[in-house]
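Okay, here's what each chain looks like letter by letter:
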Amino acid sequence: MTTTEHRPAPNGFNLVPPPGWDVIPLHSGTREAMDRIVRKAVGQLPVGFPKDDIPKARLKLTQEMKKVVRRASAKGGMTLYLPTERLHGIALPVSIVASEPIEIPRVRPESGPEAVLAALASETPGAEIRELDDTAALRSEREVPADPEQGVEVAHRRVEYLVPIPDSRPDKYLTFSYSALIAPGLDPAFYDTLVELFDAVMGTFRWTYA
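Worth saying up front: this structure is predicted, and the values here are computed from it rather than measured.

Caption draft 1: Highlighting the environment of Tyr 161. In this structure, Tyr 161 sits in strand E8 (residues 156–164). What makes Tyr 161 buried here is its relative accessible area of 2%. In the structure, Tyr 161 is positioned 31 residues away from Arg 130 in sequence and 9.0 Å away in space, judged by C-alpha atoms. If we ignore the near neighbours within four places in the chain, the residues touching Tyr 161 are Arg 130, Leu 132, Leu 138, Arg 139, Leu 174, Thr 175, Phe 176, Phe 198, Asp 199 and Met 202.

Caption draft 2: Structural detail: the pattern of salt bridges. Counted by the stated rule, this structure contains 15 salt bridges. Between Arg 108 and Glu 110 there is a salt bridge, with its nearest N and O atoms 3.5 Å apart. For Glu 110, a relative accessible area of 62% puts it in the exposed group. One salt bridge connects Arg 169 with Asp 171, and the closest N-O pair in it is separated by 3.7 Å. For Arg 169, a relative accessible area of 61% corresponds to the exposed category. What emerges from the salt-bridge pattern is a single network uniting Glu 128, Arg 130, Arg 139, Glu 141, Glu 143, Arg 157, Asp 192 and Asp 199.

Caption draft 3: Just the side chain of Thr 175, in detail. Mapping Thr 175 onto the fold places it in strand E9 (residues 172–181). Residue classification places Thr 175 among the buried positions, given a relative accessible area of 16%. Beyond its immediate chain neighbours, meaning those up to four positions away, Thr 175 contacts Val 97, Ala 98, Ser 99, Ile 102, Tyr 161 and Leu 162.

Caption draft 4: Representation of a positive patch on the surface. On the surface, a cluster of positive charge is contributed by Arg 31, Lys 66, Arg 70, Arg 71 and Lys 75. The biggest single contributor to the positive patch is helix H2 (residues 54–74), with three residues. Mapped onto the secondary structure, Lys 75 falls in the loop between H2 and strand E3 (77–83). The class of Lys 75 is exposed, set by a relative accessible area of 60%.

Conventions we followed
- Residues numbered from 1 in each chain as written.
- Predicted model: local features only at pLDDT ≥ 70, side-chain atom pairs only at ≥ 80, totals over all residues.
- Heavy atoms only, no water.
- Helix = DSSP H or I, 4+ residues; strand = E, 2+ residues; numbered from the N terminus.
- Buried < 20%, exposed > 50% of the residue type's maximum accessible area, 1.4 Å probe, protein only.
- Contact = heavy atoms within 4.5 Å.
- Salt bridge = Lys/Arg side-chain N within 4 Å of Asp/Glu carboxyl O.
- Patch = residues over 30% accessible without salt bridge, like charges linked within 9 Å, V, L, I, M, F, W, Y side chains within 5 Å.
- Areas by Shrake-Rupley, 256 points an atom, 1.4 Å probe, with all protein chains shown as cover.
- Lys, Arg positive; Asp, Glu negative; His and termini not counted.
- Charge placed at Lys NZ, Arg CZ, Asp CG, Glu CD.

Spatial relationships are all this shows, so hold off on functional conclusions.
Quick look at the structure:
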């Protein structure tokens, strides 16, 4: 914490996604959220879309949604945020995953999470310490090249925030991961704008208390 004010340990968090995004919980209510998103997408099909092709489009959307959900769950995700409306006619190839809390040992028994973040920042190129709701957090950004052998089918830009949960014992941390698939030929400035959008979303981060 960057303040000396004492508060009870939070029991959760709030994050406000951009307009046109949907939230998929990955523990319970997943199927219901997926069905809602697919219905919404089918309802947005262009006028004149062949009615006979709607079942096929619905099936494809459902399969793609399941694939994204499986990937997020396999990485320890507990909440998935996805854009479900086009932005200026463009379907954004991005996602945000909030992952289950993880435990990270302290650098020294008497040190706190700030020392862990500082140690990680010193070893992570381009990492920096930011503040989210009075809590120091580590932000890192990198480009991940395509590597099918490692399960990375498409190159993407990844931004992560590592956020210590105040007063957790043992020390636990939340991870928020943003991924944007890199399409050949698109202006890199477009991806910079998407990263700024993610940073703005993280700016809405707030702890919740019982």
